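Observations on the model geometry
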Amino acid sequence: MNISALRTFYKRDLDRLYAEIESYRSEEALWRVSGNIANSAGNLCMHLVGNLNTYIGARLGGSGYVRDRPFEFAGKGIPRATLLAQVREVAAVVDATLAGLGDRDAEYPEEVSDGRVSVGYFLTHLAIHLGYHLGQINYHRRLLDV
């Protein structure tokens, strides 16, 4: 497991998430959905924050974070400043947790959708998940922030 590379990728993509949310011209557009676009950028941002706080911060770092996954998709109208602060907070949690892991690859502490996997495997999965939703947010902004 290459923790240094993972830290770089998470920092890069969480900085990009921050920039995407910050780039919306209006806060209302963050919550806009249309046609087959069922998830707003605001909800996707909350989902990513909840996901990383849960699987990295709480499970690997012992942060005590308690997730409300339904609210990540049902909540609306959270101020952009709050979303941006949450992105910065989760970036710090992710980096601190990863910094404390070292390069030794142990088993992830709970079973996930892929069954029992290594920490490195699951951190890679979470990084890909972050990138996937980051791309959705970028497209959402370019299509619906009008």
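Attention in this report is confined to the structure presented alongside it. (Residues numbered from 1 in each chain as written. Predicted model: local features only at pLDDT ≥ 70, side-chain atom pairs only at ≥ 80, totals over all residues. Heavy atoms only, no water.)

Attention now moves to the environment of Leu48. The residue Leu48 is located in helix 3 (residues 41–58) in this model. Judged by relative accessible area, which is 1%, Leu48 ranks as buried. Setting aside residues no more than four positions away along its own chain, Leu48 makes contact with Leu17, His129, Leu130, His133, Leu134 and Ile137. (Helix = DSSP H or I, 4+ residues; strand = E, 2+ residues; numbered from the N terminus. Buried < 20%, exposed > 50% of the residue type's maximum accessible area, 1.4 Å probe, protein only. Contact = heavy atoms within 4.5 Å.)

Turning our eyes to something else, we now look at the packing of helix 3 against helix 6 (residues 119–144). At a minimum axis separation of 10 Å, helix 3 and helix 6 run at an interaxial angle of 170°. If you check the angle between helix 3 and helix 6, you find them roughly antiparallel. Residues Ala41, Leu44, Cys45, His47, Leu48, Asn51, Leu52, Tyr55 and Ile56 of helix 3 touch helix 6, and the partners they reach there are Phe122, Leu123, Leu126, His129, Leu130, His133, Leu134, Gln136, Ile137 and His140. Of the residues contributing to the contact of helix 3 with helix 6, the split by class is 13 nonpolar, six polar and no charged. (Axes fitted to C-alpha atoms, helices over the stretch in contact; angles between N-to-C directions. Parallel < 35°, antiparallel > 145°, perpendicular 65-115°, else oblique. Nonpolar A, V, L, I, M, F, W, Y, C, P; charged D, E, K, R; others polar.)

Ranked by internal contacts, the top residues of the largest apolar core, which has 37 residues, are Tyr10, Leu17 and Leu52. Only helix 1 (3–23), helix 2 (27–30), helix 3, helix 5 (80–99) and helix 6 provide two or more residues apiece to this core. Discounting chain neighbours no more than four positions away, the residues touching Tyr10 are Leu52, Ile56, Val94, Leu98, Leu123, Leu126, Ala127 and Leu130. (Core = buried A, V, L, I, M, F, W, Y, C linked by side-chain atoms within 4.5 Å.)

A separate point is the packing of aromatic side chains. Taken as a whole and judged by the stated rule, the model has two aromatic pairs. Both rings, one in Tyr55 and one in Phe122, keep their centres 5.4 Å apart while their planes meet at 85°; by these two values the pair is edge-to-face. With Tyr55 in helix 3 and Phe122 in helix 6, the pair connects residues that are 67 residues apart, well separated along the chain. Aromatic pair Tyr108 and Phe122: ring centres 4.5 Å apart, planes at 55°, arrangement tilted. Residue Tyr108 is found in the loop between helix 5 and helix 6, and its partner Phe122 is found in helix 6; the two are separated by 14 residues along the sequence. The two residues Tyr108 and Phe122 agree in class, both being buried. Through a chain of ring-to-ring contacts, three or more aromatic side chains come together here, namely Tyr55, Tyr108 and Phe122. Note that Arg88 overlies the ring of Tyr18, its terminal NZ or CZ placed 3.7 Å from the centroid. (Phe/Tyr/Trp six-rings, centres within 6.5 Å; stacked < 30°, edge-to-face > 60°. Lys NZ or Arg CZ within 6 Å of the ring centre and 35° of its normal.)

On to the pattern of salt bridges. All told, the structure shown has 11 salt bridges when counted by the stated rule. Ionic pairing is found between Asp15 and Lys11, a salt bridge with its closest N-O pair at 2.6 Å. A residue pair is termed a helical-turn pair when its members lie 3 or 4 positions apart in one helix, as Asp15 and Lys11 do in helix 1 at four residues. Residue Asp15 is classed as partly exposed on the basis of its relative accessible area of 29%. The shortest N-O distance in the salt bridge between Arg59 and Glu110 comes to 2.5 Å. (Salt bridge = Lys/Arg side-chain N within 4 Å of Asp/Glu carboxyl O.)

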